[in-house]
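What follows is the residue order along each chain.
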Amino acid sequence: MRTPLIAGNFKMFKTAAETAAYVVELRELLKDVRGVDVVIAPPFTALHAAAGAAAGSAIGVGAQNVHWERDGAFTGEVSAGMIRETGARFVIVGHSERRTLFGETNATVNKKMNAVIAAGLTPIVCIGETLEQRDRNETLAVLDRQIKEGLDGATGEQLAAMVLAYEPVWAIGTGRNATPAQAGEAHFHIRQRLKQWFGLESSERCRVLYGGSVKPGNIASLAAQPDVDGALVGGASLDPKSFLAIIRGAVV
Ligand code: 13P
């Protein structure tokens, strides 16, 4: 059985001090919570403070982006080794905001995934269709391409240890979440493809999160879908109490 994972993507919110205070509060709130893994992904500048505040707790810390080279003349970029040094253990790769606003492609996602794995960190690779693609009935084909090209070259063992996040772009920050049936259909398809391309055992171990307007009120019905292994939460992760409600709601 896969342990559910709830990851909070802070996007460009919270300073280092605000993040540390958040972690202190979340630690306290999570004291009696079992059966679910928790990760927060604050901005780069808050990673070190977050990891320090989370030390000795079960809260994992992740970055929201990474560059694929170890070092070099890449102004403004941060490598996986630098992220690891902060104490973070996860890296979100290929978020739709990175794809649409910053030109990321399946090819760059693939390079980043490899760099994250090479540094001994866990990638959280994001996939998902736009509204136009859904309306044209291209959802499953888009997911296939994102998986095939984005995860190209990964071994079954690597796939088993990584996290995928299905985030339909039309559901992100819009208040319009996918229905449990829509999420269930996409997640079932993703699992089938993982099975086909990486083998049964690896596909059964890989966690696939749902993301897009997850709230305390809709997490339970989404997490009840057999192939949904938790959530990647944006806006509703910024308040520790609403994040806690989502974490509790994911334990089925
Ligand atoms: P919202 O939960 O704010 O819709 O954001 C989802 C997301 O993009 C998480 O990565």
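Attention in this report is confined to the structure presented alongside it. It should be emphasised that the depicted structure is a prediction, and the values quoted were computed from it without experimental measurement.

**Regarding the overall build of the protein chain**
Move 1: Within the protein chain one finds 12 helices and eight strands.
Move 2: The C-alpha atoms of the protein chain give a radius of gyration of 17 Å, which matches the 18 Å a tight globule of 252 residues would have.
Move 3: Viewed in the frame of its principal axes, the protein chain has a C-alpha envelope of about 45 × 45 × 35 Å.
Move 4: Each of the 252 residues in the protein chain was classed as buried or not, and the buried ones make up 54%.
Move 5: Considering only contacts in the protein chain between residues 6 or more positions apart, those separated by 24 or more positions represent 71%.
Move 6: Surface exposure of the protein chain reaches about 11,100 Å², of which carbon and sulfur atoms provide 55%.

**Describing the pattern of salt bridges**
Move 1: Under the criterion given, the structure shown has 17 salt bridges.
Move 2: Across the pair Arg98 and Glu104 runs a salt bridge whose closest N-O atoms are separated by 3.1 Å.
Move 3: Arg98 gets classed as partly exposed once you look at its relative accessible area, which sits at 22%.
Move 4: The shortest N-O distance in the salt bridge between Arg205 and Glu157 comes to 3.5 Å. Highlighted residues: Arg205 in helix H10 (residues 200-205) and Glu157 in helix H8 (residues 156-161), separated in sequence by 48 residues.
Move 5: Exposure remark for Arg205: the relative accessible area of 39% places this residue in the partly exposed category.
Move 6: Each of the salt bridges in this network shares a partner with another, and the network as a whole consists of Arg2, Arg191, Glu204, Asp227 and Asp229.

**What to know about the state of the cysteines**
Move 1: The full count for this structure, using the stated rule, is zero disulfides.
Move 2: Unpaired in terms of disulfides, Cys126 finds its nearest cysteine sulfur in Cys206, a separation of 12 Å.
Move 3: A relative accessible area of 1% places Cys126 in the buried class.

**A look at the environment of Thr86**
Move 1: Among the structural elements, Thr86 can be located in the loop between helix H3 (80-85) and strand E4 (90-93).
Move 2: Taking relative accessible area as the criterion, Thr86 reaches 17% and is therefore assigned buried.
Move 3: Linking Thr86 and Gly234, residues 148 residues apart in sequence, is a C-alpha distance of 22 Å.
Move 4: Among residues more than four places away in sequence, those in contact with Thr86 are Leu47, His48 and Ala51.
Move 5: A polar atom in the side chain of Thr86 sits 2.6 Å from the backbone oxygen of Ile83.

**Things to note about the nonpolar core**
Move 1: The biggest cluster of nonpolar side chains holds 63 residues, and the ones touching the most others in it are Ile6, Ile40, Leu151 and Leu194.
Move 2: Those residues within four positions of Leu151 in sequence are excluded, and the remaining contacts are Asn110, Met113, Val125, Gln146, Leu159, Met162, Leu164, Leu194 and Phe198.
Move 3: By size, the runner-up hydrophobic cluster in this structure holds 12 residues, among which are Leu5, Val39, Val163 and Ala165.

**Digging into helix H7 (residues 139-150)**
Every α-helix winds through 3.6 residues per turn, so residues three or four apart in the chain are directed the same way.
Move 1: Under the 1.5 Å per step criterion, the end-to-end length of H7 is 16 Å for 12 residues, consistent within 8% with the ideal 16 Å.
Move 2: Among all positions in H7, only Thr139, Val142, Leu143, Asp144, Gln146, Ile147 and Gly150 are buried.
Move 3: Looking at the buried positions of H7, the neighbouring elements they touch are helix H4 (96-102), helix H5 (106-118), strand E5 (122-127), helix H6 (131-135), strand E6 (163-166) and helix H9 (180-198).

**Comments concerning the pairing of strand E2 (residues 37-41)**
Move 1: Counting buried positions over the five residues of E2 gives four, a clear majority of the element.
Move 2: Bridge analysis of strand E1 (residues 5-9) against E2 gives five bridges, and the strand direction is parallel. The partner of Asn9 across the bridge, within E2, is Ala41.
Move 3: Once the chain exits E1 it traverses helix H1 (residues 16-29) before rejoining the sheet at E2, and the crossover so formed is right-handed.
Move 4: As defined by bridge partners, E2 adjoins strand E3 (residues 59-63) across three bridges and the pair is classed as parallel. Along E3, the bridge assignment pairs Val38 with Ile59.

**Quick notes on the side chain of Arg2**
Move 1: Locating Arg2 in the fold gives a position in the segment before E1.
Move 2: A residue is classified by how much of its surface remains accessible, and Arg2, at 16% relative accessible area, is buried.
Move 3: Residues contacting Arg2, with those up to four places away along its chain left out, are Arg191, Ser203, Glu204, Arg205, Cys206, Arg207, Pro226, Asp227 and Asp229.

What counts and what doesn't
Residues numbered from 1 in each chain as written. Predicted model: local features only at pLDDT ≥ 70, side-chain atom pairs only at ≥ 80, totals over all residues. Heavy atoms only, no water. Helix = DSSP H or I, 4+ residues; strand = E, 2+ residues; numbered from the N terminus. Rg over C-alpha atoms; globule rule 2.2 N^0.38 Å. Buried < 20%, exposed > 50% of the residue type's maximum accessible area, 1.4 Å probe, protein only. Contact = heavy atoms within 4.5 Å. Areas by Shrake-Rupley, 256 points an atom, 1.4 Å probe, with all protein chains shown as cover. Salt bridge = Lys/Arg side-chain N within 4 Å of Asp/Glu carboxyl O. Disulfide = S-S within 2.5 Å. Polar contact = N/O pair within 3.5 Å; in protein donor to acceptor, adjacent residues only side chain to side chain. Core = buried A, V, L, I, M, F, W, Y, C linked by side-chain atoms within 4.5 Å. Expected span 1.5 Å × (residues − 1). Pairing = 2+ DSSP bridges. Right-handed = clockwise from strand over helix to strand, strands pointing away.

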